Amino acid sequence: MFTRFEEFAAAQMLGHADSPPRSQGQLHFSQDWQRTLFGLTLAVSKEGHFEWEDFRKHLIQSIGAWETMDCAAQPPWDYYERFLLALTQVLQQHAVVTAAEISNTVLTPSNTDKTTYLRSPA
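Basis of the calculations
Throughout this document, residue positions are counted from 1 along each chain, in the order its sequence is written. Owing to the predicted nature of the model, reporting of local features is limited to residues with pLDDT of at least 70; listing and counting of side-chain atom pairs is limited to 80 or more, with chain, interface and lining totals taken over all residues. Computation of side-chain values covers all heavy atoms of the structure but excludes hydrogens and water. Here an angle of 0 to 180 degrees is reported between the N-to-C directions of two axes, which are lines fitted to C-alpha atoms, with helices fitted over the stretch in contact. The helix count covers DSSP runs of H or I at least four residues long, the strand count covers runs of E at least two residues long, and both are numbered beginning at the N terminus. Roughly parallel refers to an angle under 35 degrees, roughly antiparallel to one over 145, roughly perpendicular to one between 65 and 115, and oblique to any angle outside these ranges. Less than a right angle of anticlockwise turn of the near helix away from the far helix marks a crossing as left-handed, whereas a clockwise turn marks it as right-handed. Contact between two residues is taken to exist if any of their heavy atoms lie within 4.5 Å; hydrogens are not considered. Under the scheme applied here, ten amino acids are nonpolar (Ala, Val, Leu, Ile, Met, Phe, Trp, Tyr, Cys and Pro), four are charged (Asp, Glu, Lys and Arg), and all others, including Gly, are polar. Pairing of aromatic rings covers Phe, Tyr and Trp, the last counted by its six-membered ring, and requires centre-to-centre distances within 6.5 Å; plane angles under 30 degrees mean stacked, over 60 mean edge-to-face, and any other angle means tilted. Helix span is expected to be 1.5 Å times the residue number reduced by one. Only protein chains enter the accessibility calculation, which uses a 1.4 Å probe; a residue whose area is less than 20% of its type maximum is buried, one above 50% is exposed, and one in between is partly exposed.

(A) How the structure looks around the packing of helix H2 (residues 32-46) against helix H4 (residues 79-93). As a packed pair, H2 and H4 sit with axes 11 Å apart at the nearest point and diverge in direction by 30°. The angle between H2 and H4 places the two elements in the roughly parallel class. Crossing angle aside, the handedness with which H2 passes H4 is left-handed. Residues Trp-33, Gln-34, Leu-37, Phe-38, Leu-40, Thr-41 and Val-44 of H2 lie in contact with H4, whose contacting residues are Tyr-80, Glu-81, Phe-83, Leu-84, Leu-87 and Leu-91. Split by residue class, the contact of H2 with H4 holds ten nonpolar, two polar and one charged.

(B) Molecular detail of the packing of aromatic side chains. Using the criterion set out here, one finds eleven aromatic pairs in the structure. Members of the aromatic cluster, connected to one another through ring pairs, are Phe-29, Trp-33, Phe-38, Phe-50, Trp-52, Phe-55, Tyr-79, Tyr-80 and Phe-83.

(C) Expanded view of helix H3 (residues 52-67). Counted at 1.5 Å a residue, the expected span for H3 with its 16 residues is 22 Å, and the 23 Å between its end C-alpha atoms agrees. Within H3, the full set of buried residues consists of Trp-52, Asp-54, Phe-55, Arg-56, His-58, Leu-59, Ser-62, Ile-63 and Trp-66.

(D) Examining unusual backbone geometry more closely. A positive phi is found at Ala-95, a non-glycine position, where the angle reads about 55°. With respect to the helices and strands, Ala-95 occurs in the loop between H4 and helix H5 (99-105).

Right under this line is the structure:
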């Protein structure tokens, strides 16, 4: 069940370029790590570590960067990979975590299957 903040955050993205995938009007997550990532992002923003709108700007930039890549170098489209990139950028910008902490916590899509995308530090 969404709280007012979650409803606001999801509604802010509806119909925009950064809108998450939906199925029959509901947010759609094809893998568990995507749901975890979305929930984590909402929780960290709700706690006041960054403004939701700031995150959205990073997400829009991340999507735009993918769109402008040369087709030969462009990885397959994955909304939540762009979402993860935006989250790591905004977390670093607001000094919530360092790049080293992120690299010790998050596996990149190139070196793991996405079922173990998010993991705890060793």
